[in-house]
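# Descriptive structure summary
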Amino acid sequence: MTTKDCGSHGKYRRKMVRRIIACILIFNLILLITILLIWAILRPSKPTFILQDTTVYAFNASTPNFLTSSFQVTISSRNPNDRIGIYYDRLDIYATYMNQQITLRTALPPNYQGHKDITVWSPFIYGNMVPIAPYYSVNLVSQQADGPIFLVIKIDGRVRWKVGTFISGRYHLYVRCPASITFGSKSNGVIVGENAVKYQFVTRCSVSV
């Protein structure tokens, strides 16, 4: 075989490799454009969350700079989309006061939410002798004796969207639900046990994805 023949074979191989790479790139580009078009046509909407009620079993800020609390909250989520399902892969719920976390994180069970479906969770969230800032500790004691305490029930997690057989990557989900709890003689809760008080809210939560 001559040197000229070897050179021709080398050029042919390089040309074939370039053609294969070009075909792969074109295929990926077409696939990406198709997915984007489907996404734009369907226009997925983020789920809606509602805080329905909160049952307080314990809320003790009498020990300086520490808080012990126990709640059961009922939260519902609705998928507003007609043709898009939602996978809730991981959801953690907890309570905060003045942007400070006052309970441990409780994991909600992962699930799939179909078109227009509604999911309801009623988890317990609690914290035993959680350290809090001295200023917040003084505020909590006075507010618990005199009026409402403004808490925020938060959910952090990951979701995926399902369109037909296509499933998207994971997106961060942030849910913030305000809850105003009034203790003492001005309490607007309903006693449901020996030491439990239930507060009805039906409050729409803020949701960002």
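Below you will find a few notes about this structure. (Residues numbered from 1 in each chain as written. Predicted model: local features only at pLDDT ≥ 70, side-chain atom pairs only at ≥ 80, totals over all residues. Heavy atoms only, no water.)

A separate point is a positive patch on the surface. A surface patch of like charges, here positive, comprises Arg14, Lys15, Arg18 and Arg19. Judged by its relative accessible area of 48%, Arg14 is partly exposed. (Patch = residues over 30% accessible without salt bridge, like charges linked within 9 Å, V, L, I, M, F, W, Y side chains within 5 Å. Areas by Shrake-Rupley, 256 points an atom, 1.4 Å probe, with all protein chains shown as cover. Salt bridge = Lys/Arg side-chain N within 4 Å of Asp/Glu carboxyl O. Lys, Arg positive; Asp, Glu negative; His and termini not counted. Charge placed at Lys NZ, Arg CZ, Asp CG, Glu CD. Buried < 20%, exposed > 50% of the residue type's maximum accessible area, 1.4 Å probe, protein only.)

For the structure on display, the rule yields one disulfide. Each sulfur of the disulfide joining Cys177 and Cys205 lies 2.0 Å from the other. Disulfide Cys177-Cys205: the torsion about the S-S bond is 105 degrees, which places it as right-handed. Of this pair, Cys177 sits in strand E11 (residues 171-182) while Cys205 sits in the loop between strand E13 (197-204) and strand E14 (206-208), placing them 28 residues apart in sequence. Judged by its relative accessible area of 0%, Cys177 falls in the buried class. (Disulfide = S-S within 2.5 Å. Helix = DSSP H or I, 4+ residues; strand = E, 2+ residues; numbered from the N terminus.)

Quick look at the side chain of Asp53 now. Along the chain, the position of Asp53 falls in strand E1 (residues 48-60). Note on Asp53: relative accessible area 8%, which makes it buried. Non-local contacts of Asp53, meaning those with residues more than four positions away in its chain, are made with Gln72, Val73, Thr74, Lys198, Tyr199, Gln200 and Phe201. (Contact = heavy atoms within 4.5 Å.)

Glancing now at helix H2 (residues 134-146). With 13 residues, H2 should reach 18 Å at 1.5 Å per residue; the first-to-last C-alpha distance of 19 Å fits that figure. Along H2, the residues that are buried comprise Ser137, Asn139 and Leu140. For H2, the arc enclosing every buried residue in end-on projection is 165 degrees, short of the 170-degree limit, so these residues lie on one face. Along H2, the residues that are exposed and aim more than 90 degrees away from the buried face are Pro134, Tyr135, Val138, Ala145 and Asp146. Buried residues along H2 sit in contact with E1, strand E2 (66-78), strand E3 (85-97) and strand E9 (148-163). (Expected span 1.5 Å × (residues − 1). Arc of directions from axis to C-beta.)

Now for a nonpolar patch on the surface. Taken together, Val17, Ile21 and Leu25 make up a surface patch of nonpolar side chains, about 280 Å² in accessible area. Here Leu25 shows up in helix H1 (residues 3-42).

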